[in-house]
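Given next are the chains, with one letter for each unit.
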Amino acid sequence: MSQAILCKEIPVPRKWVGTPIKTKEAPRLITGRGKFIDDIKLPNMLYAALLRSPYAHAKIKRIDTSKAEKLPGVVAIVTQEDVLKWCKPYPQIVPPPADKLLDYPIAVGKVRFVGEPVAAVAAESRAIAEDACELIEVEYEPLPPVLNAEDALKPDAPLVHEEVGTNLVWHEVFEYGDVDKAFAEADKVVSLKLHFHRFGCPPTEPHAVLADYDKGTGVLTIYCNNQMPMFCMALIGLSFNFPTEKIRIITPDIGGGFGSKILSYTYMMLISILALKAGRPVKWMEDRRENLAAGTHCNEVTFYVEAAAKKDGTILGIKAKTLHDVGAYLRYEPVGALLWIQVSSGPYRFKNLRMDVNAVVTNKGPVAPIRGYGRIQHLWMLERTVEQVARQLGLDPIEVKLRNYIKPEEMPYVTPSGATYDSGDYPTALKKALEMINYEEWRRKQKELWKEGRYIGIGAALFQDSGTNNFAQVRLIYHKNPFSGNSRMAEMWMDEFGRIIVAVGSNPHGQNHETVVSQVVADVFGVTPDDVFVVPGFDSWVHGWTGHAGTYASQFAVSGIGAVLGAAKRLREKIATIAAHMLKAKPEELEFRDGKVWVKGTDRSVAFWQIANLAYRNILELPEGVEPGLRVIYTWKAPFKLPDMEKKTVNATLTYSYQAHACVVEVDAETGKVKILDYAVVDDCGIPINPAVVEGQVHGSTMNGIAAALYEEFVYSKEGQLLSSTFMDYLFPTTLEIPNVKVEHMITPSPFTELGTKGVGEGSLVPLGAICSAIEDALSPLGIVITDSHNPPERLYRMIKEAQKRK
Amino acid sequence: MAEKRKIKLIVNGVEMEGEAEPRTLLVHFLRDTLGLTGTHIGCDTGHCGCCTIIMNGVSVKSCMVLAYQAEGAEILTIEGLAKDGKLHPIQEAFWENHALQCGYCTPGQIMSAYFLLSRNPNPTEEEIRRGLEGNYCRCTGYVNIIKAVKAAAEKMQKAVK
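## Digging into helix H3 (residues 106-119) of chain B
Taking 1.5 Å per residue as the helical rise, H3(B) with its 14 residues ought to reach 20 Å, and the 20 Å between its terminal C-alpha atoms agrees with that figure. Within the span of H3(B), buried status applies to Thr106(B), Pro107(B), Gly108(B), Gln109(B), Ile110(B), Met111(B), Ser112(B), Ala113(B), Tyr114(B), Phe115(B), Leu116(B) and Leu117(B).

## Quick notes on the interface of chain A and chain B
With 44 residues of chain A at the contact, the number on the chain B side is 43 residues. Counting residues per element, the ones that place at least two in the side of chain A that touches chain B are helix H1 (26-30) and helix H18 (691-711) of chain A. Here the side of chain A that touches chain B gets 6 residues from one element, more than from any other, and that element is H18(A). Here the residues of the side of chain A that touches chain B sort into 18 nonpolar, 17 polar and 9 charged.

## Some remarks on the packing of helix H2 (residues 89-96) of chain B against H3(B)
Residues and elements named next belong to chain B. At a minimum axis separation of 10 Å, H2 and H3 run at an interaxial angle of 130°. Comparing the axis directions of H2 and H3 gives the class oblique. In the crossing of H2 with H3, the sense of the turn from one axis to the other is right-handed. Residues Ile90, Gln91 and Phe94 of H2 form the contact with H3, whose own contacting residues are Thr106, Ile110, Ala113 and Tyr114. Taken together, the residues that form the contact of H2 with H3 break down as 5 nonpolar, 2 polar and no charged.

## Re the sheet that holds strand E5 (residues 74-76) of chain B
Residue and element names in this part refer to chain B. Taken in spatial order, the 5 strands make up an open sheet running E2-E1-E5-E3-E4, and their pairing is mixed. Each edge of the open sheet carries a strand with a single partner, namely strand E2 (14-20) and strand E4 (58-61). Adjacent strand axes in the sheet meet at a mean angle of 40° when their direction is disregarded. The pairing of strand E1 (residues 5-11) with E5 spans 2 bridges and is classified as parallel. Residue pairing across strands places valine 11 opposite isoleucine 75, the latter belonging to E5. Against the sheet, helix H1 (residues 26-33) contacts E1 and E2, and its axis sits at roughly 105° relative to E2. Of the strands in this sheet, strand E3 (52-55) and E4 touch H3, which is tilted by about 35° from E3.

## Structural notes on the domain arrangement of chain B
Residue and element names in this part refer to chain B. When its domains are assigned, chain B resolves into domain 1 (5-80) and domain 2 (89-160). The distance between the C-alpha centroids of domain 1 and domain 2 comes to 21 Å. The interface is formed by 15 residues belonging to domain 1 together with 12 residues belonging to domain 2. Looking at the side of domain 1 that touches domain 2, the element that brings in the most residues is E3, giving 3 residues. A breakdown of the residues in the side of domain 1 that touches domain 2 according to their chemical character gives 7 nonpolar, 8 polar and no charged.

## Notes on the packing of helix H7 (residues 229-239) of chain A against helix H8 (residues 265-278) of chain A
For any two helices packed against each other, one specifies the inter-axial angle together with the distance between the axes. All names here are of chain A. Across the interface, H7 lies against H8 with an axial gap of 10 Å and an inter-helix angle of 50°. Taken together, H7 and H8 sit at an angle that is classed as oblique. Between H7 and H8 lies a crossing of right-handed hand. The segment H7 lies against H8, with Cys232, Leu235 and Ile236 engaging Tyr265, Met268 and Met269.

## Describing the pairing of strand E30 (residues 742-747) of chain A
All names here are of chain A. Counted residue by residue, E30 has 5 buried out of 6 residues, so it is predominantly covered. Across 5 bridges, the pairing between strand E29 (residues 674-684) and E30 is parallel. Bridge pairing links alanine 680 to lysine 742 in E30. Taking the sense of rotation as the criterion, the β-α-β connection linking E29, H18 and E30 turns out right-handed.

## So, the domain arrangement of chain A
Residue and element names in this part refer to chain A. Under the domain assignment, chain A is made up of domain 1 (37-143 + 202-293), domain 2 (300-473 + 642-806) and domain 3 (487-637). Taking only C-alpha atoms into account, the centre of domain 1 sits 39 Å from that of domain 3. Opposite the 18 residues of domain 1 that make contact, domain 3 presents 16 residues. Of all the secondary structure elements, the ones that give two or more residues to the side of domain 1 that touches domain 3 are H7 and strand E12 (247-251). Class assignment for the residues of the side of domain 1 that touches domain 3 results in 10 nonpolar, 6 polar and 2 charged.

## Re unusual backbone geometry
At the junction of Pro96(A) and Pro97(A), the peptide bond is cis and its omega measures out at 5° in the coordinates. Tracing the backbone through its elements, the reader meets Pro97(A) in the loop between helix H3 (80-86) and strand E5 (110-111). A cis geometry characterises the amide bond from Met411(A) onward to Pro412(A), with omega recorded as -10°. Position of Pro412(A) relative to the elements: it lies in the loop between helix H12 (397-404) and strand E17 (413-414). One non-glycine residue, Thr468(A), lies in positive phi territory at about 60°. Note that Thr468(A) resides in strand E19 (residues 455-469). You can call Thr468(A) buried: it has 28 C-beta atoms within 10 Å. In the Ramachandran plot, Asn12(B) falls in the positive-phi region, its phi being about 50° despite a non-glycine side chain. Here Asn12(B) lies in the loop between E1 and E2.

Calculation criteria
- In every chain, residue numbers begin from 1 and rise along the written sequence.
- To read the labels, note that chains go from A and ligands from 1, taken in the order they are written.
- Only residues with pLDDT of 70 or above have their local features reported here, since the model is predicted, and side-chain atom pairs are shown and tallied only from 80 upward, although totals for entire chains, interfaces and linings are computed over all residues.
- Put simply, DSSP marks the helices as runs of H or I at least four residues long and the strands as runs of E at least two long, and each gets a number from the N terminus on.
- A helix's residues, less one, multiplied by 1.5 Å, set its expected span.
- Burial in this document is a count-based property: other C-beta atoms within 10 Å of a residue's C-beta are tallied, and the residue is buried at 20 or more, exposed at 12 or fewer, or partly exposed in between, with C-beta positions derived from the backbone.
- Once C-beta atoms have been placed from the backbone, residue pairs whose C-beta atoms lie within 7 Å are recorded as contacts.
- Only Asp, Glu, Lys and Arg are considered charged, only Ala, Val, Leu, Ile, Met, Phe, Trp, Tyr, Cys and Pro nonpolar, and every remaining residue, Gly among them, polar.
- Whenever a helix is involved, its axis is fitted only over the stretch in contact; in every case the axis is a line through C-alpha atoms, and angles between N-to-C directions fall within 0 to 180 degrees.
- Any angle that is under 35 degrees is reported as roughly parallel, and any over 145 degrees as roughly antiparallel; angles of 65 to 115 degrees are reported as roughly perpendicular and all others as oblique.
- Helix crossings fall into two classes, left-handed where the near helix is turned counterclockwise from the far one by less than a right angle and right-handed where it is turned clockwise.
- Pairing between strands is defined by DSSP: at least two bridges between them are needed.
- Bear in mind that the domain bounds are from an automatic or database domain assignment.
- When the strands point away from the viewer, a crossover counts as right-handed if the path from the first strand over the helix to the second runs clockwise.

Right, dumping it as structure tokens:
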């Protein structure tokens, strides 16, 4: 049983692991010496611009590029014809008939959302490429668009993909426990319709690709900022008519991702085709309008929920029908419609759950695995539902949440859908967060302030951040999907001078992998992090990788570090064997310290460089049977099983970090504006490798959640035009909107990982739960129920005015 | 395409020149013509502040300035902040306070902080928030950025005393 430790300062369990050392990445980034895609310039390089669809839905009747081709400086133009020559449609992971869906890097035959690429130009400058886009004539025949999931399911709805024959691309019912019995035994049944809005986590650096085809060797090098390119290679390899063994993928510094940079494989192929056609390297930098329109949205979900509860607020069961609006193409979908399965009962103990899941295509931008992918929608739905159960029973929502939480002594806890929550103490975390905002005092003040007409509310929520996913869960979408498990590869070597070098198959973009890896390795070899060089970025010809490689799904501290530890131990063992031979001792008598291997308790030692020299150059002095060189590879594999296809259960993720948030807000009844008066977070991600790095992730995730709850939304007009297409309308919060967030930490080490670490990073955007609760609490004298995840002033203003009229 | 013209200016204390079209933005001129890629582009619309530099002593978003407008100007970019291999106190404070993650917005944040502290060496938290409101960051929630600017102000005050 894991012990919860409440602390302001995180204890230091090892010399370097657990220490908030300054990061290794910062010096280059604070001096302007970071290397991002746009900073790379190759000889003879061209610049690309894309022409994109102005229509949500239209047939492409004709594309005439002749005027654009004549513009001086234009070298190559790619349209649907080139794409059909170079590509097969991307493979889909849905069962029939939606597996027939045709998806390419560029629109073929018709356009399906505003911003879909229609043509790509390579020219001597970006300005010329953009001029050329204006000279391309495209004749469209506009078609009626479908713009939400409910409309898309109507019998007469226009089809987004005729080849599929329906807009419903995936439907499945999951039933756990005895739902009907739970509802029969209920004292109270609560019904709700909820809407989880469409937003994104647009990183400050948009998508970027630089493709370089070497005519001499036939090698195509794709420099990109995709955050899981080697997973995407499965899609690229199966659809691109190009020899996969000659594709090399490089990611340098990446300017944020948050899941949105997973879908850029379509651009990686499109710009490659452009480079192949131009016969020169081509660089493409997405601009912000493109980025907001085409590829950074989260799953938009409509929920029809029913909850069965006892009089005391105990939740007996939940039935939910979900309609996921996944936009025009599936890309990574319908995974987002399934991932509730990682957190099926959230932090709660109820055992009876029916999920009727529907994924629907519409004429909006494709969705991406945005931070908290597929879980935030479900966890938010559970919070709204439990809260309404409490309110309709006349109980305190926070008390009802605490009553229904899984107890710490029940950990590890198996959920209805078969996930195993590894460790945690949810009630303590929530109570601690409430204490941090002076909950009791605000509760007292609240009643007086209500009398004065001031709408103060308190909200609290706890979401899990499920990390290290089991890819086999997608078998529950379609049993034939040929992937499962999770793994990570690391390569480590000591060079001939005794220096330690590590390369891991990840694509970090702010997670400080160079720093945390060097901390872990330093402890294994008895050196300092400065003595360990972690190869920056990712190069598929340098860094070892498996099909699960990448930086996503809150997992590096588990999978990446698992691989690093495995490699470090393997390398240490070999070094110890050689050192034992040199010192005439047994390997178990040795210790590693200060760049040397010592015979414990003596002054006899041999330096790393002496051992390395033996291994690399003076090899005839090596002990018998020892291979020259000091280079090892280790592949970490998560201890997962395949799903139970009959019960539809799966252990979908390995670790469960969680955050409890509590906040106080004031809603201005005259303007509808929400002001955050206090905000507190208690975070538990097991043993943190670098507490400063962890805290940074918590801050960022909290900000993203506040942004979603109050500011950011992709809004479409009834014609399917994106109305929030620049940062003028898509409200990226600034220093003036984001309050100071108080953070404290709890540690319940994971029993399933070697260091007790858990994945951290996504953080599940808990403010969506806490702020919606606080707003509802503030407006409870008016009887207002919050049913939308987005609550900008205009929505609340209207609701308040209507409620006041009713009174 | 209009003809290119030669632009002369002083960047980080060094006289530099290069050719630009009338429509060339200063940020593109700095990055592509002068090779100073520390100044980043995040939106092209003057919102995100990734391209913030100091021009004639004032912070500007260099995507909102034409290269022609910078003729004869004195420019300071992120590359000009550290002197003789020693980090500027703002850079040190960003490092010490973990005020960056991906680092893409960081040069702009640091240049805005530089301008703020040049005008107001001892800002309150509220003044720091107002001074940096034009610089977006998706990673940090701004918590550690604000902490770093406070710390930098203290460092710089101590250095003056």
